[in-house]
Amino acid sequence: MTNKKIKRLSIKPFVRKVMGIMLTIPAVLLVCVFILVGVLLACSPGNPEPFLDENGRLLEGSISEKVFVNINGVEQGMFIKSKDATHPVLLYLHGGMPEYFLTQKYPTGLEDYFTVVWWEQRGSGLSYSTDIPPETMTLEQMISDTLEVTNYLRHRFGKEKIYLMGHSGGTFIGIQAAARAPELYYAYIGVAQMSYQLKSERLAYEYMLQQFRENGNTEMVRKLEEAPVTMTDGIPDAYLAVRDGAMHSLGIGTTHDMNSVITGIFLPSLTSRDYTLIEKVNMWRGKSQSGVSPFWDEMIATDLSIQVSALDIPVYFFEGIYDYTCSYTEAKSYFEILRAPLKGFYTFEQSAHSPLFEEPEKMLRILLEDVLAGANSLANVK
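Predicted model only: the values in this text are computed from it and were never measured. Every chain is numbered independently, its residues counted from 1 as its sequence is written. The model is predicted, so local features are restricted to residues of pLDDT at least 70 and side-chain atom pairs to those at 80 or more, both for listing and for counting; the totals for chains, interfaces and linings are taken over all residues. Hydrogens and waters are ignored; side-chain quantities use all the structure's heavy atoms.

Chemist: Explain the overall build of the protein chain to me, using residue names and the numbers behind them.
Modeler: For helices the rule is a DSSP run of H or I covering at least 4 residues; for strands it is a run of E covering at least 2, with both sets numbered from the N terminus onward. Looking only at helices and strands, the protein chain features 13 helices and eight strands. In the protein chain, which comprises 382 residues, the proportion classed as buried is 51%. A contact between two residues is defined here by any heavy atoms of the two lying within 4.5 Å. Nonlocal contacts in the protein chain, meaning residues at least 24 apart in sequence, comprise 73% of its contacts between residues at least 6 apart. Surface accessibility in these figures is a Shrake-Rupley result with a 1.4 Å probe; residues are shielded only by whichever protein chains are displayed. Accessible surface for the protein chain amounts to roughly 18,100 Å². Of this, 57% is attributable to carbon and sulfur atoms. Here's how the labels work: a residue is buried when its accessible area is under 20% of the maximum for its type, exposed when over 50%, partly exposed in between, all with a 1.4 Å probe on protein chains only.

So this is what it looks like as C-alpha cells:
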C-alpha cells in the first residue's frame, strides 16, 4: 500500500509540469502572433516615399503618390511615380497580380524618364473589393477600364497620347486596348507578350516534364503525368496547382533566378512599405480569385494572332529567353506575323518572365533609344 501511494504521489509533479507546458503553448503562440502583426504593421505605413533632391528636400516637379480614381463606377488604385511629372506618361498593365511591390527589390529606373503609372486593375490589389459585381470581370470591361484610365492620365498630365506597356496577362488586355483606340497611344510595348496561351502552357508542360525526368524528380514527373495539358482537353486544375512552383524551381517563372514563389513574391509583397496591411491582404485575395473567373478561360482559349493581327501604332515586344510562363517562341511567332507601321522584337538573354525587373538597364536603353525615338535600331527582329 505504501509503495503504491508513493508512486501515485510522484506522478503529480509530472502532470503539473505537462499541464503547465500545455497552457504555455497557446500563450507563446499568441505572443508570436502579436509580434508578427506588429512587424507587418511596421512594414505597412501605406505611403510611397517622396523623391528628394541632394539636400534632402522634396524634388521639385516630382510626383510619388498612391491615388484612387473612379473608373467606370469602381474605385481603382494606382501608384504614380516620376522625378519630373512633365515626362512622357507610361501606363503599366500588370498580369495575374500587381507587381509594383517588386520595384522595392528590383528597381526599374522608369521614374527617371517617365511618369510611370502602376495601375492595379479592377479586382486586384488596391482595386480589390467584394462589392465589385463578378459579372463585370470580363475582357470587355478590362479594355474599357484601360481606355478610361488612359483618358484620366491624358487629361491630368495634359498629354495628347501616352505609352502603353503590358506585362504577361496585362498584354492580353493591352494589345486589344491599343487596337481599339490607337489614337490614344504613341506605342504599345508588350513584355512577356501573350500569344495563344493554351499552346504556351502545353509547351511549358512538355518542357517541365522533360526537365524533371532528366534531373530525377520523380514526384514532379508523377504530378505532371497525372495532370496533362492538351490542346483538346485544356488545362487541368491539378496542373495549375503545381505550375508556379514547378516553373520557379526550373528558372522559367517570374525571374530566371527566383526559385520560390514564397521568398520571391509572397514575402516581398508583405514587406512593401507602400501598401497598408489590409491592402496587402486584398492583393492576395484578388490573386486567389483571378484564376477561376470566366476571363481566365477566355484568356487561355484566345489566339491573339487571329484576334489582333495588326496595330496602327509602333509595336515593341520585350521577351526573356527563359520564359515559359508566356512562351518566348510563341511571342516571336506572333510578332513575325503582326502588322504595324514599326516593329521591334528584343531578346533578353538573362531573363525569364520579367525583363523589366531582371535586366532594367537594357530595358531603359531600348525605351530611350528606340521607343521614345520611334525607332527599332536595337531590335533583334524588325
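The rest of the description comes next.
Chemist: Could you give an account of the packing of helix 4 (residues 197–214) against helix 6 (residues 237–249), naming the residues involved and the relevant values?
Modeler: Helix axes use the C-alpha atoms of the stretch in contact, all axes being lines fitted to C-alpha atoms, and the angles between their N-to-C directions lie in the range 0 to 180 degrees. Here helix 4 crosses helix 6 at 60 degrees, and the two axes come no closer than 11 Å. Looking at the two axes, helix 4 sits oblique to helix 6. Of the two possible hands of crossing, helix 4 and helix 6 adopt the one that is left-handed. Counting all contacts with helix 4, which are made through Gln197, Glu201, Ala204, Tyr205, Met208 and Phe212, the residues of helix 6 involved are Tyr239, Arg243, Ala246, Met247 and Ser249. Basically, the charged four are Asp, Glu, Lys and Arg, the nonpolar ten are Ala, Val, Leu, Ile, Met, Phe, Trp, Tyr, Cys and Pro, and anything else, Gly included, counts as polar. For the contact of helix 4 with helix 6, the per-class residue count stands at seven nonpolar, two polar and two charged. Any angle from 65 to 115 degrees is called roughly perpendicular, while one under 35 is roughly parallel, one over 145 is roughly antiparallel, and all others are oblique. Each helix crossing is assigned a hand: it is left-handed if the near helix lies turned anticlockwise from the far helix by less than a right angle, otherwise right-handed if that turn is clockwise.

Chemist: Can you explain helix 11 (residues 328–337)? Please cite residues and give values.
Modeler: Every buried residue belonging to helix 11 is among Tyr328, Glu330, Ala331, Tyr334 and Phe335, and all of these are buried. Down the axis of helix 11, the buried side of the element spans an arc of 165 degrees, and every buried residue falls inside it. Buried residues in helix 11 make contact with helix 3 (169–180), helix 4, helix 10 (304–307), strand 7 (315–320) and strand 8 (343–348). By arc we mean the arc of the directions from the helix axis to the C-beta atoms, nothing more.

Chemist: Can you tell me about the packing of aromatic side chains, naming the residues and giving the values?
Modeler: Only centres within 6.5 Å qualify two rings of Phe, Tyr or Trp (six-membered ring in Trp) as a pair; their planes then separate them into stacked at under 30 degrees, edge-to-face at over 60, and tilted for everything else. Considering all chains together, one arrives at 18 aromatic pairs under this definition. Judged by centre distance (6.1 Å) and plane angle (40 degrees), the rings of Tyr106 and Phe357 are tilted. Of this pair, Tyr106 sits in the loop between strand 3 (89–93) and strand 4 (115–119) while Phe357 sits in helix 12 (residues 355–358), placing them 251 residues apart in sequence. With respect to class, Tyr106 is no different from Phe357; both count as buried. Taking NZ or CZ as reference, Lys343 lies 4.5 Å from the ring centre of Phe335, over its face. Only when the NZ atom of a Lys or the CZ atom of an Arg is both within 6 Å of the ring centre and within 35 degrees of the ring normal do we say a charge sits over the ring.

Chemist: Can you tell me about the environment of Gly166, naming the residues and giving the values?
Modeler: Structurally, Gly166 is set in strand 5 (residues 162–167). What makes Gly166 buried here is its relative accessible area of 0%. When the C-alpha atoms of Gly166 and Gly190 are compared, they prove to be 5.1 Å apart, with 24 residues separating the residues in sequence.

Chemist: Describe the layout of surface pockets, listing the residues and the values that go with them.
Modeler: Within this model, the second largest pocket holds a volume of roughly 340 Å³. Tallied by class, the residues present in the lining of the second largest pocket amount to six nonpolar, five polar and five charged. Buriedness for pockets is judged along seven lines, at least five of which must meet protein on both sides within 12 Å for an open set on the 1 Å grid over protein atoms alone, while cavities are sets there where a 1.4 Å probe fits but cannot get out, and lining residues have an atom within 4 Å of a point. Grid points are joined across faces, edges and corners, and a volume is the space filled by probe spheres set on the points.

Chemist: Before we move on, can you summarise the sheet that holds strand 2 (residues 74–82) with the specific residues and values?
Modeler: Strand pairing is defined by DSSP finding a minimum of two bridges between the two strands. Read across the open sheet, the eight strands follow the order 1-2-4-3-5-6-7-8; overall the sheet is mixed. Each edge of the open sheet is held by one strand with a lone partner, namely strand 1 (63–71) and strand 8. Recorded for the sheet is a direction-independent mean angle of 20 degrees between the axes of neighbouring strands. The pairing of strand 3 with strand 4 spans five bridges and is parallel. The residue bridging Leu93 from the neighbouring strand is Trp119, located in strand 4. Strands strand 3, strand 5, strand 6 (185–191) and strand 7 of the sheet are contacted by helix 3, whose axis makes an angle of about 155 degrees with strand 6.

Chemist: Run through unusual backbone geometry, naming residues and quoting values.
Modeler: A positive phi angle, near 55 degrees, is found at Ser168, a position not held by glycine. Positionally, Ser168 belongs in the loop between strand 5 and helix 3. The exposure class of Ser168 is buried, given its relative accessible area of 11%. Not every positive phi belongs to a glycine, and Ala192 is a case in point at roughly 55 degrees. The buried category is assigned to Ala192, whose relative accessible area is 1%.

Chemist: So, the pattern of salt bridges: which residues are in play, and what are the values?
Modeler: In a structure, side chains of opposite charge can pair up when their charged atoms sit close to one another. A side-chain nitrogen of Lys or Arg and a carboxyl oxygen of Asp or Glu constitute a salt bridge if their distance falls within 4 Å. According to the stated counting rule, one finds 13 salt bridges in the structure shown. Residue Glu219 is joined to Lys223 by a salt bridge in which the shortest nitrogen-to-oxygen separation is 3.4 Å. Taken as a pair, Glu219 and Lys223 lie in helix 5 (residues 218–225) at a separation of four residues, close to a single helical turn. Overall, the relative accessible area of 46% leaves Glu219 in the partly exposed class. Using a relative accessible area of 29% as the deciding quantity, one classes Lys223 as partly exposed. A single salt-bridge network, built from bridges that share partners, covers Glu201, Arg243 and Asp244.

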